Amino acid sequence: MTMDFETYDDDNIFAKILLGELPNTTVYEDEHVLAFNDIAPQAPVHVLVIPKGRYIAHDDFHRDASDEEIVAFWRAVTAICSDLGVAAEGHRLIANQGAASGQLVPHFHVHILAGKNLGPLIAT
Ligand code: 5GP
């Protein structure tokens, strides 16, 4: 399957979660941001943080979102790490963009991974 990273897909899984059409385990929500547990966790803590706006990846999010949305997003990421108790122990943030990164869901998201030694940055 070839993924179209040029046009926002209103049928993507995270769009459906935002519309309440698919369930999720919410860990944080505000006006601009939703965060929920990853369905296939890669670490004891694996949370996905998404903006509520229609953005495909970090490229268009940081180009097209309002300052308010961008600040709300990163403040939420920080607050969630604190709330989850993984600020001090350490954690990893990942944002995939496009085919080479293996991005599966074309709605901008940051992975928060924590709860174990996360090992090298990239698996060899
Ligand atoms: P990406 O590869 O796009 O950066 O990561 C997409 C993430 O979304 C994957 O870690 C995958 O497990 C997660 N995911 C895919 N479908 C669902 C779903 O329906 N619900 C939840 N909570 N996570 C999902």
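How each quantity is defined
Residues numbered from 1 in each chain as written. Predicted model: local features only at pLDDT ≥ 70, side-chain atom pairs only at ≥ 80, totals over all residues. Heavy atoms only, no water. Helix = DSSP H or I, 4+ residues; strand = E, 2+ residues; numbered from the N terminus. Expected span 1.5 Å × (residues − 1). Near = heavy atom within 4 Å. Polar contact = N/O pair within 3.5 Å; in protein donor to acceptor, adjacent residues only side chain to side chain. Areas by Shrake-Rupley, 256 points an atom, 1.4 Å probe, with all protein chains shown as cover. Pairing = 2+ DSSP bridges.

A.B. asks: Tell me about helix 3 (residues 67-83), and please be specific about residues and values.
C.D. replies: Here helix 3 spans 24 Å end to end across 17 residues, near enough to the 24 Å set by a 1.5 Å rise per residue. Of the residues flanking the end of helix 3, it is Gly85, one or two places downstream, whose phi is positive at about 80°.

A.B. asks: Could you give an account of the site of the ligand, with specific residues and numbers?
C.D. replies: Taken together, 16 residues lie near the ligand, and Asp38, Asn96, Leu104, His109 and His111 sit nearest. A distance of 2.5 Å is found between an oxygen atom of the ligand and a side-chain nitrogen or oxygen belonging to Asp38. Gly102 has a polar backbone atom sitting 3.3 Å from an oxygen atom of the ligand. Computed on the free molecule, the ligand has an accessible area of 530 Å², of which 85% lies beneath the protein chains in the complex. Going through the elements one at a time, helix 1 (13-18) and strand 2 (33-37) are the ones with two or more residues in the shell around the ligand.

A.B. asks: Describe the pairing of strand 1 (residues 26-29), and please don't skip the residues or the numbers.
C.D. replies: As paired strands, strand 1 and strand 2 are joined by three bridges and run antiparallel to one another. From the neighbouring strand, Thr26 faces strand 2, where its bridge partner is Phe36. As consecutive antiparallel partners, strand 1 and strand 2 are separated by three residues.

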